[in-house]
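If you want the building blocks of each chain, they are given just below.
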There are 2 protein chains.
Amino acid sequence: MSNNAMAARLAFELVKTACSNCNLRELCLPIGIEPAELKKLDELVSTRRRLRRGDFLYRVGQGFESIYAVRSGFFKTDVMIEDGRDQVTGFQMTGELLGLDGISSEVHTCNAIALEDSEVCAIPFSHLEGLSRQIHTLQHHFHKVMSREIVRDHGVMLLLGTMRAEERLAAFLLNLSQRFKARGYSPAEFNLRMSRDEIGSYLGLKLETVSRAFSRFQEDGLLSVHQKKIRILNTDGLKTLMTHQRG
Amino acid sequence: MSNNAMAARLAFELVKTACSNCNLRELCLPIGIEPAELKKLDELVSTRRRLRRGDFLYRVGQGFESIYAVRSGFFKTDVMIEDGRDQVTGFQMTGELLGLDGISSEVHTCNAIALEDSEVCAIPFSHLEGLSRQIHTLQHHFHKVMSREIVRDHGVMLLLGTMRAEERLAAFLLNLSQRFKARGYSPAEFNLRMSRDEIGSYLGLKLETVSRAFSRFQEDGLLSVHQKKIRILNTDGLKTLMTHQRG
DNA sequence: TCGGTGGGTTGACGTGGATCAAACCCGGGG
DNA sequence: CCCCGGGTTTGATCCACGTCAACCCACCGA
């Protein structure tokens, strides 16, 4: 490699860490921000952090000072109560935010765990608050992100409270599919990063039930399933199954 | 009533509408705000609104422009999907905020319905954003409130995903009890404002199951139940039932 | 090559809560 | 006073999912 090429490469590496050059702009916080403002934002995202599969990004009880934007990889969050019961509360992929739960009490109330090797941007929360006092659009966008999390949770509550097993799994797969699509990946074919057990925990089902539902979908020609590799063969079938099932 | 008394009464009625004189200060937004700032806040809460039992505070699809603080009364929020299934996502009492779901898409994503005659303060959201750019503590407090809502929802997800019927009801009653206590009411004796059906919807159970659980608790000496009047006889019993039930 | 290991599938069976149905309770109106 | 209606209770039955257990398969390290 020539000196020039090395220098260029180095410059790229440096620049690449900045929000202004991040290809997640549309998904993450800086949406709709003016170039001048974007520059300020770059200072906000001070730290990057790499995680290996299985690493904790943060744990229950750990002091809260940053939220995190997933730059690459895949996470799950879970909560637990004393007696050992726990529940996966969400799966986060590229461009999604982690850690909003910690704001309320200055302490994280759930665990965030990398399901594959991942990278996140740490956003010191006090900085974010400071900057969002200056930049209206940032402030408003952040509020929208928090609100969207609430709406998402309501959706999960609806799922857990009213849907039967196959409807839950269908809803889950359609949601994943859509999120992959929004990121430029195939909505029809993807790898699950999580185990049957983790899916079950998220959906309020036992892993055997999840497994059976997968088998059923495959029998019915809705999916092809090979371990974690999923291919959706009949999206509409999944949709009707999700909604029209019961009266 | 003398003229003086009437004038005093009138003045009181006027003054009473302001945040600075609201006895919900501790529960609602203005916590920890300086007197000077509290004055600005008073301008924020422009409108009061009275609702009769059964009235909608807002509906799904309605444009969002304000959040609401419950001044008195009792509300429920619910979401629904096309096929008619719906779910109660929460019950809100004095000092709690309603409408945070609407921020994300500028449109309300759930219905808010008064379960008894109620009164709310409407807080225009753009004003709130404006003011929270000036008052750090307000900004931070608002973020905490949103975050707390997320944490609460995670708790409900845990309940819906992992608990059995009686555990759910115990958790629900203990939560209500605590919230009444925080408002200076008896934690041991209170009236349910909602029907068995609404409790069931919130807890992901059928009303018959809720009713049976109430009967069971009464047989076991944990509660006395007379229609909507609940008296908790054994708080610890409820707590152990909630957690220790299963391995 | 082999055994070990951990996740996944499948089957047989049990059960908690849904469903269906009847009776009850209480408040309100004629 | 009775009747009516909505919310609630209670009982009988059903079924979706959990539980328990065996087995399979992919992967891995020896």
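Just so you know, these numbers come straight off a predicted model, no measurement behind them. (Residues numbered from 1 in each chain as written. Chains lettered and ligands numbered in written order. Predicted model: local features only at pLDDT ≥ 70, side-chain atom pairs only at ≥ 80, totals over all residues. Heavy atoms only, no water.)

**Here we look at the protein's contact with DNA strand D**
Consideration 1: For DNA strand D, the set of nearby residues contains 18 residues, the closest of which are Ala 165 and Thr 209 of chain A together with Arg 196, Ser 211 and Ser 215 of chain B.
Consideration 2: Counting only the atoms of DNA strand D that lie within 4 Å of the protein, the sugar and phosphate share comes to 67%.
Consideration 3: Glu 208 of chain A is positioned with one of its side-chain polar atoms (N or O) 3.3 Å from a base nitrogen of DNA strand D.
Consideration 4: In the environment of DNA strand D, a base oxygen lies 2.9 Å from a nitrogen or oxygen atom belonging to the side chain of Arg 212 of chain A.
Consideration 5: Only helix 7 (207–219) of chain A together with helix 7 (207–219) of chain B provide two or more residues apiece to the surface near DNA strand D.
Consideration 6: No other element matches helix 7 of chain B, which puts 5 residues into the surface near DNA strand D.
Consideration 7: Its residues assigned to classes, the surface near DNA strand D comprises 3 nonpolar, 6 polar and 9 charged. (Near = heavy atom within 4 Å. Polar contact = N/O pair within 3.5 Å; in protein donor to acceptor, adjacent residues only side chain to side chain. Helix = DSSP H or I, 4+ residues; strand = E, 2+ residues; numbered from the N terminus. Nonpolar A, V, L, I, M, F, W, Y, C, P; charged D, E, K, R; others polar.)

**A few points about the protein's contact with DNA strand C**
Consideration 1: Near DNA strand C, the surroundings consist of 18 residues, among which Arg 196, Ser 211 and Ser 215 of chain A together with Ala 165 and Thr 209 of chain B are the closest.
Consideration 2: Backbone atoms, meaning sugar and phosphate, form 70% of the atoms of DNA strand C found within 4 Å of the protein.
Consideration 3: The side chain of Arg 196 of chain A places a nitrogen or oxygen atom 2.8 Å from a phosphate oxygen of DNA strand C.
Consideration 4: Between DNA strand C and the protein, one listed contact pairs a phosphate oxygen with a backbone N or O atom of Lys 206 of chain B at 3.3 Å.
Consideration 5: Every element with two or more residues in the surface near DNA strand C is listed here: helix 7 of chain A together with helix 7 of chain B.
Consideration 6: The element that contributes the greatest number of residues to the surface near DNA strand C is helix 7 of chain A, accounting for 5 residues.

**A look at the pairing of strand 4 (residues 74–80) of chain B**
Residues and elements named next belong to chain B.
Consideration 1: Judged by how many residues are buried, strand 4 sits mostly within the fold: 6 of 7 residues are covered.
Consideration 2: Pairing analysis gives 7 bridges linking strand 4 to strand 5 (residues 86–93), with the strands arranged antiparallel. In the strand pairing of strand 5, Asp 78 is matched with Val 88. (Buried < 20%, exposed > 50% of the residue type's maximum accessible area, 1.4 Å probe, protein only. Pairing = 2+ DSSP bridges.)

**Concerning the nonpolar core**
Consideration 1: One finds Leu 169, Phe 172 and Phe 214 of chain A together with Leu 169, Phe 172 and Phe 214 of chain B to be the most contacted residues of the largest nonpolar core, which totals 102 residues.
Consideration 2: If we skip the residues at most four places from it in the chain, Phe 172 of chain A touches Phe 91, Met 194, Ile 199, Tyr 202 and Leu 203 of chain A.
Consideration 3: Grouped together as the second largest cluster of nonpolar side chains are 42 residues, Ile 150 of chain A together with Cys 19, Cys 28 and Leu 128 of chain B included. (Core = buried A, V, L, I, M, F, W, Y, C linked by side-chain atoms within 4.5 Å. Contact = heavy atoms within 4.5 Å.)

**Quick notes on the packing of aromatic side chains**
Consideration 1: A complete count under the given rule lists 16 aromatic pairs over all chains for this structure.
Consideration 2: Note on Phe 180 of chain B and Tyr 185 of chain B: the rings are 6.3 Å apart at their centroids and 75 degrees apart in plane angle, and the pair reads as edge-to-face.
Consideration 3: Relative accessible area serves as the criterion here: at 4%, Phe 180 of chain B is assigned to the buried category.
Consideration 4: With a relative accessible area of 51%, Tyr 185 of chain B lands in the exposed category.
Consideration 5: In textbook terms, an aromatic cluster arises when at least three aromatic residues are bridged by ring pairs, as seen for Phe 64, Phe 125 and Phe 142 of chain A.
Consideration 6: Positioned over the ring face of Phe 56 of chain A is Arg 59 of chain A, at 3.6 Å from the centre of the ring. (Phe/Tyr/Trp six-rings, centres within 6.5 Å; stacked < 30°, edge-to-face > 60°. Lys NZ or Arg CZ within 6 Å of the ring centre and 35° of its normal.)

**Overview of the sheet that holds strand 1 (residues 47–51) of chain B**
Residues and elements named next belong to chain B.
Consideration 1: Strands sit in the order 1-8-3-6 across an open sheet of 4 strands; the sheet is antiparallel. Each edge of the open sheet is held by one strand with a lone partner, namely strand 1 and strand 6 (97–98).
Consideration 2: Inspection of the sheet shows strand 1 paired to strand 8 (residues 118–124) by 5 bridges, in the antiparallel sense. The residue of strand 8 that forms the bridge with Arg 49 is Val 120.
Consideration 3: Against the sheet, helix 3 (residues 125–134) makes contact with strand 3 (66–72) and strand 8, and its axis sits at roughly 60 degrees relative to strand 8, the strand it touches most. (Axes fitted to C-alpha atoms, helices over the stretch in contact; angles between N-to-C directions.)

**Quick look at the interface of chain B and chain A**
A common way to state how big an interface is: give the accessible area lost once the parts meet.
Consideration 1: Listed per partner, the contact involves 46 residues of chain B and 47 residues of chain A.
Consideration 2: Carbon and sulfur atoms supply 60% of the area that chain B and chain A bury against each other, a total of about 4,500 Å² over both sides.
Consideration 3: Three residues, Arg 85, Arg 133 and Met 157 of chain B, lead the burial of chain B against chain A; their summed loss comes to 17% of the area buried on that side.
Consideration 4: There are 4 salt bridges connecting chain B and chain A.
Consideration 5: Across the chain B-chain A interface, the total number found is 33 residue pairs in polar contact (both at pLDDT 80 or more).
Consideration 6: Residue assignment for the side of chain B that touches chain A shows that the elements contributing at least two residues are strand 5, helix 3, helix 4 (136–162) and helix 8 (235–243) of chain B.
Consideration 7: The biggest single contributor to the side of chain B that touches chain A is helix 4 of chain B, with 20 residues. (Buried area = accessible area lost by both parts, 1.4 Å probe. Salt bridge = Lys/Arg side-chain N within 4 Å of Asp/Glu carboxyl O.)

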